[in-house]
Amino acid sequence: MDEGEVTERGAHHVQSLERGLAVIKAFNADAAELTLSDVARATGLTRAAARRFLLTLVDLGYVRTDGKYFSLTARVLELGYSYLSSLSLPEVAQPHLERLSAEVHESSSVSVLELPDIVYVARVAVSRIMTVSINVGTRFPAHATSMGHVLLAGLDDADLRDYLAGARLDKLTARTKSRPDELSAELVRVHEQGYAMVDQELEEGLRSIAAPIHDRRGRVVAAVNLSTHASRTTRESVERELLPPLLAAARAIETDLASAPPSKARHG
């Protein structure tokens with residue numbers, strides 16, 4: 001089948017677009033420069049197909065090459081900016097995160113769900129508490145994060161069942177909930193109590209707490225969190241000192257989103 005033809009998924013599905021995006025996504029922080037063979041291996045494409053896609057991306061300015069190695073150019077940021085510019089969420093959330101972090105002296109973030117991950121769309125960093133830096137666009141597996149638990153708990157039953165049936169629940173630390181039944185039970189608790197706490201499930205030493213952000217129709221469209229180092233807090237102190245201002249910030253973000261013009265209240 002030619003890359004431009006539709007697949008068995010339906011007349012709407014353009015396989016060449018899917019493959020082109022797969023080539024872009026083959027590049028990451030651990031694989032900033034790739035050979036043709038690397039890209040073919042990472043995407044499952046033949047070398048001939050990978051070469052066509054790479055050279056097309058070179059022509060379009062999204063990829064550069066020295067003849068052997070390929071790497072992304074800054075132009076790929078336009079794809080992310082196109083998404084972010086259509087959102088009011090980061091714009092609305094940022095001042096609330098700044099006030100929240102100033103009040104409690106901890107880092108705060110807002111993320112949205114893009115299964116199987118969460119994606120950061122706004123952040124205020126007070127201190128570096130993780131081994132990796134977190135910026136807008138950073139992704140983490142939803143099953144191991146407080147914001148992920150909040151967002152997963154907000155899914156309807158069918159979508160959550162599909163996620164639990166197919167997700168890779170990697171055990172990132174000894175505390176990570178990596179069994180579907182264990183995670184499902186936790187998500188029930190999160191839904192009932194209205195917030196999630198994750199204690200060193202993403203990384204040793206990292207404790208975080210998150211609350212949902214709802215849209216006008218009551219759907220969970222994002223999550224806001226506070227993260228702290230386990231050496232200077234306890235679970236009890238996080239719930240006692242950080243949860244109330246976190247919930248207040250979530251409600252304030254919701255209020256501002258609800259008052260935004262309809263064309264600016266989309267969250268993706």
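Residues numbered from 1 in each chain as written. Predicted model: local features only at pLDDT ≥ 70, side-chain atom pairs only at ≥ 80, totals over all residues. Heavy atoms only, no water.

Draft legend 1. How the structure looks around helix H9 (residues 235-259). Taking 1.5 Å per residue, 25 residues should reach 36 Å; H9 reaches 34 Å between its end C-alpha atoms and fits that length. In the structure, H9 departs most strongly from a straight axis at Leu242, where the bend amounts to approximately 45° and where the proline Pro244 lies between one and four residues downstream. Considered for burial, the residues of H9 that qualify are Ser237, Val238, Leu242, Leu243, Pro245, Leu246, Ala249, Ala250, Ile253, Glu254 and Leu257. The secondary structure elements touched by the buried residues of H9 are helix H5 (89-104), strand S6 (107-114), strand S9 (196-199), strand S10 (206-214) and strand S11 (220-229). (Helix = DSSP H or I, 4+ residues; strand = E, 2+ residues; numbered from the N terminus. Expected span 1.5 Å × (residues − 1). Bend = angle between axes of the 7 residues up to and from the residue. Buried < 20%, exposed > 50% of the residue type's maximum accessible area, 1.4 Å probe, protein only. Contact = heavy atoms within 4.5 Å.)

Draft legend 2. Expanded view of the environment of Leu89. Checked against the element boundaries, Leu89 lands in helix H5. Separated by 33 residues in sequence, Leu89 and Ala122 place their C-alpha atoms 8.3 Å apart.

Draft legend 3. Main features of the packing of aromatic side chains. Under the defined criterion, the tally for this structure stands at one aromatic pair. Ring geometry for Tyr120 against Phe140: centres 5.9 Å apart, planes inclined by 80°, an arrangement best described as edge-to-face. Remark: Phe140 occurs in strand S8 (residues 139-141) and Tyr120 occurs in strand S7 (residues 117-124); sequence separation between them is 20 residues. Across the ring face of Tyr62, the terminal group of Arg75 is positioned such that the distance to the ring centre comes to 5.4 Å. (Phe/Tyr/Trp six-rings, centres within 6.5 Å; stacked < 30°, edge-to-face > 60°. Lys NZ or Arg CZ within 6 Å of the ring centre and 35° of its normal.)

Draft legend 4. Molecular detail of the sheet that holds S7. Taken together, six strands build an open sheet; the order of strands is S8-S7-S6-S11-S10-S9 and the sheet is antiparallel. Edge positions in the open sheet fall to S8 and S9, since each of these has one partner strand only. The sheet shows a mean angle of 30° between the axes of neighbouring strands, direction not considered. Across four bridges, S9 lies against S10 in antiparallel orientation. Within the sheet, the bridge partner assigned to Ala196 lies in S10 and is Ala210. (Pairing = 2+ DSSP bridges. Axes fitted to C-alpha atoms, helices over the stretch in contact; angles between N-to-C directions.)

Draft legend 5. Inspection of the pattern of salt bridges at higher detail. Per the counting criterion, the structure on display carries 14 salt bridges. Between Glu106 and Arg232 there is a salt bridge, with its nearest N and O atoms 2.6 Å apart. Residue Glu106 is located in the loop between H5 and S6, and its partner Arg232 is located in the loop between S11 and H9; the two are separated by 126 residues in the primary sequence. By relative accessible area, Arg232 is classed as partly exposed at 45%. As a salt-bridge pair, Arg235 and Asp199 come within 3.8 Å of each other at their nearest N and O atoms. (Salt bridge = Lys/Arg side-chain N within 4 Å of Asp/Glu carboxyl O.)

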